[in-house]
Structure formats: C-alpha cells, structure tokens
Amino acid sequence: MKFSAIVLALPYLLPLAVLAAEHDHHDHMAAPAAQVSWAQGTIKKIADDKATIAHGPIESIGMDAMTMRFTIKDADGLAKLKAGDKVRFQAVMQGGEVVVTRIESAK
Ligand SMILES: [Cu+2]
C-alpha cells in the first residue's frame, strides 16, 4: 500500500526534483563572488553607501585605473573605513552598475 502510494506520487514528485536541481544550478551560477579578484585603491571620500576610490586596474570588470564613485554593498566593511585609507575591494557588475561587494583595509 505504501509502495503504490509512492508510485502514484512519483509523476508529481519528479518535476519538483528537476526544479530543485535546476535551482541548485542557478545558485552556483549566481555565486561566483568567492572567485572575484581583489582590486586595490585609496578612499577619497565616503558619503552614505557610496565611496569615491582612487583605484588600480579592476580585473573582475575589466576597468583601468581611475578615481570614481562606487556603491558599496558591504556596509560592515565600509563602516570600518575612512577617507585616506588604503583598501582592497571586490567589484562586480550588478544591474548595469558597478558595485563593490567586499571592501576592507589593505595592510
Ligand atoms: Cu573605475
């Protein structure tokens, strides 16, 4: 009786298993953050969740050295920093905008 219940339920469970597997796959695709290379820079100014950084080349987004303003998603990291600090950070393209996902003091 238990067996027939499983057999009857199988066609309904199978698509769920496929969905779950696909979801896993997407999670992997959406989480390359650990492999993003670090870029170097010096903080020029901090205002709210934005920081102006004089940065070196940013390999992860193919950007040359320049001074520009970033949206910083790493609020905890940003809270420990001030203008003049040398930093290292990870930048990615997110919704057509360059955002900094991690930032910390560079010793
Ligand atoms: Cu730049």
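Use the structure listed above.
Residues numbered from 1 in each chain as written. Predicted model: local features only at pLDDT ≥ 70, side-chain atom pairs only at ≥ 80, totals over all residues.

Trainee: Account for the pairing of strand β3 (residues 66-72), with residues named and values stated.
Mentor: Here 6 bridges tie strand β2 (residues 50-55) to β3, and the two strands are oriented antiparallel to one another. For Lys-50, the partnering residue across the bridge sits in β3 and is Thr-71. Bridge count for β3 against strand β5 (residues 97-105) is 2 bridges, and the pairing is parallel. Note that in β5 the partner of Ile-72 across the bridge is Val-100. (Pairing = 2+ DSSP bridges. Helix = DSSP H or I, 4+ residues; strand = E, 2+ residues; numbered from the N terminus.)

Trainee: Provide a residue-level description of the environment of Met-63, including the pertinent values.
Mentor: Tracing the backbone shows Met-63 in the loop between β2 and β3. A tally of 15 C-beta atoms within 10 Å means that Met-63 is categorised as partly exposed. Remark: the alpha-carbon pair of Met-63 and Ala-91, spanning 28 residues in sequence, is separated by 10.0 Å. (Buried ≥ 20, exposed ≤ 12 C-beta atoms within 10 Å, placed from the backbone.)

Trainee: Tell me about the pairing of strand β1 (residues 39-47), residues and numbers included.
Mentor: Note that β1 and strand β4 (residues 86-94) share 4 bridges and pair antiparallel. Each bridged residue has a counterpart across the sheet, and for Thr-42 the counterpart in β4 is Lys-86. Strand direction decides the pairing type here: β1 and β2, joined by 6 bridges, are antiparallel. For Ala-47, the partnering residue across the bridge sits in β2 and is Lys-50. Counted along the chain from β1 to the antiparallel partner β2, the turn is 2 residues long, and its residue Asp-48 has a positive phi close to 55°.

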